[in-house]
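What follows is each chain in one-letter form.
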Amino acid sequence: MQRQVKKKHLVRDRPQFQVACANCVDWLRDESNQAQDFALTFLDPPFNQGKTYRNHDDSMSDSAYWSFMSDVCANVFEQTIEGGCIYFMQREKNTEAVLRVLRETGWKFQNLIIWKKLTSAVPGRSRYGKAFQIIAFATKGSRPAAFNRLRISPKLPAGYKPHSNGIYVTDI
């Protein structure tokens, strides 16, 4: 059964949100939730590293895991308004798979953001310690319906003068 998707525009004056505690695929497929229209989704799934979760098998085969992620992204895409965005956070070693899943489910890649963590993992015998994770930013359609060029005032190294109105946020 395929539902018709209504085109809606982003309402900027009244943000509306809902937090749902449920299996996301079941929730997305539930017909009572399909009237929802998303403008933004932040996807921070379990990374399939064998951790213990109450309601999720974090030791799936790679093919089962990426099929699951594809299902999630496709269902979110269907309920997202034109110009809506998804931010998909994952481990750096899975960057290629994240970009493939987004592309194959209809999303248009915009940026790869590096989240530099304050702590890092201990290095392995043959790899550097991990100090970041990736966040893929993609849109439904070629451009985001809304995008705010944020300015920040970061702590600067000695000898640098701060900008009077801060600097633009970058992809790091």
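Heads up: these notes are all about the structure in this document. This is a predicted model, so every value here is computed, not measured. (Residues numbered from 1 in each chain as written. Predicted model: local features only at pLDDT ≥ 70, side-chain atom pairs only at ≥ 80, totals over all residues. Heavy atoms only, no water.)

### What to know about helix α2 (residues 62-79)
Compared with an ideal rise of 1.5 Å per residue, which puts 18 residues at 26 Å, α2 spans 26 Å between its outermost C-alpha atoms and is within 8% of the ideal. Where α2 is concerned, the buried positions are Tyr-65, Trp-66, Met-69, Val-72, Cys-73, Asn-75, Val-76, Phe-77 and Gln-79. Contact partners of the buried residues in α2: α1 (24-29), β1 (38-43), β2 (80-90) and α3 (95-104). (Helix = DSSP H or I, 4+ residues; strand = E, 2+ residues; numbered from the N terminus. Expected span 1.5 Å × (residues − 1). Buried < 20%, exposed > 50% of the residue type's maximum accessible area, 1.4 Å probe, protein only. Contact = heavy atoms within 4.5 Å.)

### Some details on the pairing of β2
Burial within β2 is extensive, with ten of its eleven residues counted as buried. As judged from the five bridges shared by β1 and β2, these two strands associate in the parallel manner. Following the sheet pairing, Phe-42 is matched in β2 by Tyr-87. Taking the sense of rotation as the criterion, the β-α-β connection linking β1, α2 and β2 turns out right-handed. By the bridge criterion, six bridges tie β2 to strand β4 (residues 132-139) in an arrangement that is antiparallel. Across the sheet, Ile-86 pairs through a bridge with Ala-138, a residue of β4. (Pairing = 2+ DSSP bridges. Right-handed = clockwise from strand over helix to strand, strands pointing away.)

### Looking at the environment of Ala-136
One can find Ala-136 in strand β4. Under the relative-accessibility criterion, Ala-136 is labelled buried at 0%. When the C-alpha atoms of Ala-136 and Lys-93 are compared, they prove to be 13 Å apart, with 43 residues separating the residues in sequence. Ignoring anything within four residues of it in the chain, the contact list for Ala-136 reads Ile-86, Tyr-87, Phe-88, Val-98, Leu-99, Leu-102, Asn-111 and Leu-112.

### Concerning the packing of α2 against α3
Orientation of α2 relative to α3, taken along the N-to-C sense of each, is 40°, at an axis distance of 9 Å. If you check the angle between α2 and α3, you find them oblique. In terms of crossing hand, the pair formed by α2 and α3 is right-handed. Along its contact with α2, which presents Trp-66, Met-69, Ser-70 and Cys-73, the element α3 presents Ala-97, Val-98, Arg-100, Val-101 and Leu-102. Residue composition of the contact of α2 with α3, by class: seven nonpolar, one polar and one charged. (Axes fitted to C-alpha atoms, helices over the stretch in contact; angles between N-to-C directions. Parallel < 35°, antiparallel > 145°, perpendicular 65-115°, else oblique. Left-handed = near helix turned anticlockwise from the far one by under 90°. Nonpolar A, V, L, I, M, F, W, Y, C, P; charged D, E, K, R; others polar.)

### Quick notes on the nonpolar core
Nonpolar side chains in soluble globular proteins tend to end up buried together. Counting 22 residues, the largest nonpolar core has Trp-66, Cys-73, Ile-86, Phe-88, Leu-102 and Trp-107 as the members making the most contacts within it. Looking at this core, the elements that each hand over two or more residues are α1, β1, α2, β2, α3 and β4. By residue number, the principal contributor to this core is α2, which donates seven residues. Setting aside chain neighbours within four positions, we find Trp-107 in contact with Cys-73, Val-76, Phe-77, Thr-80, Gly-84, Cys-85, Ile-86, Leu-102, Ala-138, Thr-139 and Lys-140. (Core = buried A, V, L, I, M, F, W, Y, C linked by side-chain atoms within 4.5 Å.)

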